[in-house]
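Architecture at a glance
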Amino acid sequence: MKIICVDHIGIAVKNIDDSLELYKALKLKVSGIEEVSDQKVKIASIPVGETEIELLEPTGSDSTIAKYITKKGEGLHHIALRVENIDKALQELKGKNIKFIDEKPKQGAGGKKIIFARPGSAGGLLLELCQKEEI
Ligand code: ZN
């Protein structure tokens, strides 16, 4: 398996518009806002070099992001590493006792294939692996 880069950093926020004040002060710009309905989340992408900051706003009270904010407050939610081949990475990491939340990768924002490792098997970190859409 090969890790290409940090694809994005996910930040849980109550409200994207309110949170944008900080990023405006940092002179960063939103490149797009997308709703991922099956995850009940609205995502604002803010490019920072090769990486992006993703602001994650819950769109329902039963969203995992809403639950996260209730429990831990707003802030760092997950880190996503971009891999060359997500299926290969998954297979290799499963063999190294890293456990994943889902069996198979699913469709994430921007047409990426994504999967999350269980924090209990990844040093307390919610680690996402993602692979860019094949062109
Ligand atoms: Zn993510």
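Not measured: the values here are computed from a predicted model.

**Points about the side chain of Q131**
As for its placement among the helices and strands, Q131 is situated in strand β8 (residues 127-131). At 2.9 Å, the side chain of Q131 forms a polar contact with the backbone nitrogen of I86. Look past the residues within four positions of Q131 in its chain and what remains in contact with it is V83, E84, N85, I86, K112 and K113.

**Examining the coordination of the zinc ion**
At 1.9 to 2.1 Å from the zinc ion lie its protein donor atoms, namely H8 (NE2), H78 (NE2) and E128 (OE). In the primary sequence, the donor residues of the zinc ion line up as H-x69-H-x49-E. Pair noted here: H8 is in strand β1 (residues 3-12) and H78 is in strand β5 (residues 75-83), with a separation of 70 residues, a long-range link. Like H8, the residue H78 is buried in the burial classification.

**Points about the nonpolar core**
Core analysis: the largest hydrophobic core is formed by ten residues, namely V83, I86, A89, L90, L93, F100, I115, A117, L127 and L129. Looking at this core, the elements with two or more residues in it are α3 (86-94) and β8. For this core, the element with the highest residue contribution is α3, accounting for four residues. With near-sequence residues (within four places) excluded, V83 lies in contact with K2, I3, I4, A89, L129, C130 and Q131.

**Describing the pattern of salt bridges**
One pass over the structure, following the stated rule, counts seven salt bridges. With its nearest N and O atoms 2.7 Å apart, the salt bridge here joins R82 to D7. Of the two residues, R82 sits in strand β5 while D7 sits in strand β1, which places them 75 residues apart along the sequence. Across the pair, D7 and R82 agree in class, each one buried. The residue K113 makes a salt bridge to D87 at a minimum N-O spacing of 3.8 Å. Of this pair, K113 sits in strand β7 (residues 113-116) while D87 is found in helix α3, placing the two residues 26 residues apart along the sequence. One network of salt bridges, in which partners are shared, links D7, R82 and K112.

What counts, and at which threshold
- Residues numbered from 1 in each chain as written.
- Predicted model: local features only at pLDDT ≥ 70, side-chain atom pairs only at ≥ 80, totals over all residues.
- Heavy atoms only, no water.
- Helix = DSSP H or I, 4+ residues; strand = E, 2+ residues; numbered from the N terminus.
- Polar contact = N/O pair within 3.5 Å; in protein donor to acceptor, adjacent residues only side chain to side chain.
- Contact = heavy atoms within 4.5 Å.
- Donors = N, O, S within 2.8 Å, 3.2 Å for Na, K, Ca; no water.
- Buried < 20%, exposed > 50% of the residue type's maximum accessible area, 1.4 Å probe, protein only.
- Core = buried A, V, L, I, M, F, W, Y, C linked by side-chain atoms within 4.5 Å.
- Salt bridge = Lys/Arg side-chain N within 4 Å of Asp/Glu carboxyl O.

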